[in-house]
Amino acid sequence: MSTVPSIVLNNAVKVPQLGFGVYQIEPDEVRGATELALDAGYRHIDTAAAYANEAGVGQAVRNSGIPRDEIFITTKLRNADQGYESALAAFEDSRRELGVDVIDLYLIHWPYPRHNRFVDSWKALEKLYAEGAVRAIGVSNFLEPHLDRILAEGEIVPAVNQIELHPSFQQADLTRYSAARGIAVEAYSPLGQGEDLNSAVVRRLAETHGVTPAQIILRWHLQLGHIVIPKSVAAERIQENIDVFDFSLSEQEVVLISGLESGLRTSGDPATFDFPQI
Ligand code: NAD
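Residues numbered from 1 in each chain as written. Predicted model: local features only at pLDDT ≥ 70, side-chain atom pairs only at ≥ 80, totals over all residues. Heavy atoms only, no water.

Draft legend 1. A look at the overall build of the protein chain. The number of helices and strands found in the protein chain is 10 helices and 10 strands. Scaling as 2.2 N^0.38, a compact globule of 278 residues should have a C-alpha radius of gyration of about 19 Å, and the protein chain matches this with 18 Å. C-alpha extents for the protein chain along the principal axes are approximately 55 × 40 × 35 Å. Looking at the protein chain as a whole, 53% of its 278 residues qualify as buried. Considering only contacts within the protein chain whose residues lie at least 6 apart along the sequence, 74% involve residues at least 24 apart. Taken as a whole, the protein chain presents about 11,700 Å² of accessible surface, with 48% of it coming from carbon and sulfur. Measuring between centres, the 23 positive side-chain charges of the protein chain sit 2 Å from its 38 negative side-chain charges. (Helix = DSSP H or I, 4+ residues; strand = E, 2+ residues; numbered from the N terminus. Rg over C-alpha atoms; globule rule 2.2 N^0.38 Å. Buried < 20%, exposed > 50% of the residue type's maximum accessible area, 1.4 Å probe, protein only. Contact = heavy atoms within 4.5 Å. Areas by Shrake-Rupley, 256 points an atom, 1.4 Å probe, with all protein chains shown as cover. Lys, Arg positive; Asp, Glu negative; His and termini not counted. Charge placed at Lys NZ, Arg CZ, Asp CG, Glu CD.)

Next up, the structure:
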């Protein structure tokens, strides 16, 4: 079974560098998919209140028989629940849905700047952290101005910024900016929701190494130090996506893949994204 290395967050908590994302996995499908991932060796699951599938993730974790402290669980505060008291209440809902006492990483899902409640939400996350209800707190989809406000008005530096990041959309400035402040960069949609798998460069490198395009892209992320959370519901792809620790890319090959930037955003623009249900 693959051994996934850990990234040490800015509060010394360790997170497995490769995890399993469960966005768009239906509630009745998520338990089975998460069980497949745990069987394959994943020990890090990324869900969110907005995915409406936390309960199935929690069931899979309990059914696995794996000690709770060996599995890292992330969930997220949805936009409609932003605000101090509402964030605290939403956290209790997530904790109950997951059926766990402590959540490993709790993120503000989007800055939702039009509402201007993300600093109040952050203060709620700081309280949860101080109480030991979460092992680490962070943000997702935060751009430089949003991070600046958290750093200026909050007490705790976010442990993680989970952002859209894949070869065709790398957010290089934001990645550098986050990392320079001790905020670990977590790549969501690491395969560009599958779009980046068709790149000729990626396909050629896959042939060279005798691996798949998905494995080439995941290897690129890992070698750049990103935390990475690919999603699939297919057993063979779940396995394939974690079998990425027995080959490596040369520095030149990493640079070649980094040359694929094309501005292909697959998710919303955080400056304007304001769906309350997410
Ligand atoms: P992804 O880049 O992981 O791509 C997933 C798609 O790629 C799958 O639906 C499948 O069609 C394909 N795929 C996966 N493995 C493959 C393989 N080995 N071979 C061929 N095709 C393969 O996209 P994603 O699901 O958007 O992102 C992953 C995770 O990131 C999500 O599940 C979620 O946990 C997180 N996420 C977070 C946010 C956020 O706002 N914070 C937004 C989107 C996703």
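Draft legend 2. Up close: the site of the ligand. In the vicinity of the ligand there are 27 residues, among which Y23, D46, S140, S189 and L191 approach most closely. At 2.9 Å from a nitrogen atom of the ligand is found a side-chain nitrogen or oxygen belonging to N241. Considered on its own, the ligand offers 830 Å² of accessible surface; in the complex 89% of this is hidden by protein. Of the residues forming the shell around the ligand, the biggest block, three residues, is contributed by helix 9 (residues 235–242). Of the residues contributing to the shell around the ligand, the split by class is 11 nonpolar, 11 polar and five charged. (Near = heavy atom within 4 Å. Polar contact = N/O pair within 3.5 Å; in protein donor to acceptor, adjacent residues only side chain to side chain. Nonpolar A, V, L, I, M, F, W, Y, C, P; charged D, E, K, R; others polar.)

Draft legend 3. A look at unusual backbone geometry. Positive phi is not limited to glycine here, since N116 has a value of about 55 degrees. With relative accessibility at 46%, the residue N116 sits in the partly exposed group. One non-glycine residue with positive phi stands out, namely Q193, at about 55 degrees. Looking at the secondary structure, you find Q193 in the loop between strand 9 (184–188) and helix 7 (200–209).

Draft legend 4. Spotlight on the nonpolar core. Core analysis: the biggest nonpolar cluster contains 68 residues, and L18, F20, V22, Y42, Y106 and I216 have the highest contact counts within it. With residues up to four places along the chain from it excluded, the contact list for Y106 reads T75, K76, L77, A87, A90, F91, L125, L128, V134, A136, I137 and G138. (Core = buried A, V, L, I, M, F, W, Y, C linked by side-chain atoms within 4.5 Å.)

Draft legend 5. Highlighting the packing of helix 1 (residues 27–40) against helix 2 (residues 54–64). Orientation of helix 1 relative to helix 2, taken along the N-to-C sense of each, is 40 degrees, at an axis distance of 8 Å. The angle between helix 1 and helix 2 places the two elements in the oblique class. Judged by the twist between their axes, the crossing of helix 1 over helix 2 is right-handed. Taking contact as the criterion, the partners of V30, R31, T34, E35 and L38 in helix 1 are, on helix 2, G56, V57, Q59, A60, V61, N63 and S64. (Axes fitted to C-alpha atoms, helices over the stretch in contact; angles between N-to-C directions. Parallel < 35°, antiparallel > 145°, perpendicular 65-115°, else oblique. Left-handed = near helix turned anticlockwise from the far one by under 90°.)

Draft legend 6. Structural context of the packing of helix 7 against helix 10 (residues 251–258). Contact geometry for helix 7 and helix 10: axes closest at 10 Å, N-to-C directions at 155 degrees. In this view, helix 7 runs roughly antiparallel relative to helix 10, as classed from their interaxial angle. Crossing of helix 7 over helix 10 shows left-handed handedness. For the pair helix 7 and helix 10, contact is made by V201, R204, L205 and H209 and by E253, L256 and I257, respectively. Taken together, the residues that form the contact of helix 7 with helix 10 break down as four nonpolar, one polar and two charged.

Draft legend 7. Helix 6 (residues 172–180), seen in detail. Considered for burial, the residues of helix 6 that qualify are L174, T175, Y177 and S178. Looking straight down helix 6, one finds that the buried residues subtend no more than 165 degrees of arc, so they occupy a single side. Looking at helix 6, the residues exposed on the side facing more than 90 degrees away from the buried face are D173, R176 and A180. Contacts made by the buried residues of helix 6 are with helix 5 (144–153), strand 8 (160–164) and strand 9. Of the residues one or two after helix 6, G182 is the one with positive phi, at around 80 degrees. (Arc of directions from axis to C-beta.)

Draft legend 8. Highlighting the pairing of strand 8. With five of five residues buried, strand 8 is to be regarded as a mostly interior element. Between strand 7 (residues 134–140) and its parallel partner strand 8, the chain crosses via helix 5, and the hand of that crossover is right-handed. One crossover worth recording links strand 8 to the parallel strand 9 by way of helix 6, and it is right-handed. (Right-handed = clockwise from strand over helix to strand, strands pointing away.)

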